[in-house]
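# Inside the fold
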Amino acid sequence: MEQRKQVRIVPMSADHLDEIAALEKVCFSAPWSRNMLAEELDNACSAFLAALDENGHVAGYAGLQVVLDEGYIANVAVRPEERQKGVASQLLQVFIDFAKGNRLSFLTLEVRPSNTAAIVLYGHHGFRTAGRRKNYYEHPREDALIMTLEFDYGTENSDPNGVEGSL
């Protein structure tokens, strides 16, 4: 395994949009446009992060949308030459820490069944397959696996004596 890449994770800003839009085109068959990404900057329900390399360039990025106590990971993308170096893992961990800190019920995402590397990554972070969306992706047409990480804060599994366990 290659050495872990040191990145600085920061909130996505307008300065990152060109690099992230280019990364979308490299990583996805139906990429988000620069304008779609820019709209997320003003979306109070979204948190998009950029992982910056030692030169300040975008090595990867990820987006999260929060609705009530639910977290939906919209995108996770890493430059091909930076993959398998822990960049996506570091981005995911920020979202997991955020979800725990804000007591979200779960984080969920869709992934192509053929994207074995991503499935393994999500599995290492505790995500489990929760379902399938038929013909979700195009170019090529493929189902999506729904992977979810659930959080339990003791409300339905409280101690019968009224003492909740710690996280």
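See the structure shown above.
Here we summarise the structure given alongside this text. This structure is a prediction, so every number in the text was calculated from the model and none was measured.

For the rest of this paragraph, the subject is the packing of aromatic side chains. A complete count under the given rule lists five aromatic pairs for this structure. The interplanar angle of 45 degrees and the centroid separation of 5.7 Å between the aromatic rings of W32 and F48 together place this pair among those described as tilted. Here W32, found in the loop between α1 (17-27) and α2 (34-41), pairs with F48, found in strand β2 (residues 46-52); they are 16 residues apart in sequence, far enough to count as distant. A centroid spacing of 4.9 Å and a plane angle of 90 degrees characterise the contact between Y136 and Y137, whose relative ring orientation is edge-to-face.

What follows concerns the layout of surface pockets. If you add up the space inside the largest pocket, you get close to 1400 Å³. Lining the largest pocket we find 42 residues, and of these F28, V76, N115, A118 and Y122 sit closest to its centre. Going through the elements one at a time, α1, β4 (70-78), α3 (87-101), β5 (106-111), α4 (116-124), β6 (128-137) and β7 (142-150) are the ones with two or more residues in the lining of the largest pocket. The element best represented in the lining of the largest pocket is β4, accounting for seven residues. When the residues that make up the lining of the largest pocket are grouped by side-chain class, the tally is 23 nonpolar, 10 polar and nine charged.

This next bit is on the sheet that holds β2. Spatially, the seven strands line up as an open sheet ordered β1-β2-β3-β4-β5-β7-β6, and their pairing is mixed. Edge positions in the sheet fall to β1 (8-11) and β6, since each of these pairs with one other strand and no more. Neighbour to neighbour, the strand axes of the sheet diverge by 25 degrees on average, direction disregarded. Against the sheet, α1 makes contact with β2, β3 (58-67) and β4, and its axis sits at roughly 90 degrees relative to β3, the strand it touches most.

Let's shift gears to the nonpolar core. Formed by 29 residues in total, the largest nonpolar core has its most connected members in I73, L107, Y122 and F127. Those elements giving two or more residues to this core turn out to be β2, β3, β4, α3, β5, α4 and β7. Counting residues per element, this core draws most heavily on α3, at seven residues. If we skip the residues at most four places from it in the chain, Y122 touches V76, L92, L109, V111, F127 and M147.

Let us look at unusual backbone geometry. What you tend to see is this: most non-glycine residues have negative phi, and most peptide bonds are trans. Residue H139 is joined to P140 through a cis peptide bond whose omega torsion reads 0 degrees. The backbone phi angle of L68 is positive, close to 55 degrees, even though this residue is not glycine. Phi is positive for N135, which is not a glycine, with a value near 50 degrees. Tracing the backbone through its elements, the reader meets N135 in strand β6. Overall, the relative accessible area of 44% leaves N135 in the partly exposed class.

Let us now look at the pattern of salt bridges. Two side chains of opposite charge can pair, provided their charged atoms sit close to one another. Using the criterion set out here, one finds 12 salt bridges in the structure. For D18, the salt bridge identified is with R34, shortest N-O distance 2.6 Å. Remark: R34 occurs in helix α2 and D18 occurs in helix α1; sequence separation between them is 16 residues. The class of R34 is partly exposed, set by a relative accessible area of 37%.

Now for the packing of α1 against α2. In the contact formed by α1 and α2, the axes pass within 9 Å of each other and the chain directions differ by 130 degrees. Classified by the angle between their axes, α1 and α2 sit oblique to one another. Crossing hand, α1 versus α2: right-handed. Across the interface between the two elements, L17, D18, I20, A21 and E24 of α1 pack against R34, L37, A38 and L41 of α2. For the contact of α1 with α2, the class distribution of residues is six nonpolar, no polar and three charged.

What counts as what
- Residues numbered from 1 in each chain as written.
- Predicted model: local features only at pLDDT ≥ 70, side-chain atom pairs only at ≥ 80, totals over all residues.
- Heavy atoms only, no water.
- Phe/Tyr/Trp six-rings, centres within 6.5 Å; stacked < 30°, edge-to-face > 60°.
- Helix = DSSP H or I, 4+ residues; strand = E, 2+ residues; numbered from the N terminus.
- 1 Å grid on protein atoms, 1.4 Å probe; cavity = no way out; pocket = protein on both sides within 12 Å on 5 of 7 lines; lining within 4 Å.
- Points joined across faces, edges and corners; volume = space filled by probe spheres on them.
- Nonpolar A, V, L, I, M, F, W, Y, C, P; charged D, E, K, R; others polar.
- Pairing = 2+ DSSP bridges.
- Axes fitted to C-alpha atoms, helices over the stretch in contact; angles between N-to-C directions.
- Contact = heavy atoms within 4.5 Å.
- Core = buried A, V, L, I, M, F, W, Y, C linked by side-chain atoms within 4.5 Å.
- Buried < 20%, exposed > 50% of the residue type's maximum accessible area, 1.4 Å probe, protein only.
- Salt bridge = Lys/Arg side-chain N within 4 Å of Asp/Glu carboxyl O.
- Parallel < 35°, antiparallel > 145°, perpendicular 65-115°, else oblique.
- Left-handed = near helix turned anticlockwise from the far one by under 90°.

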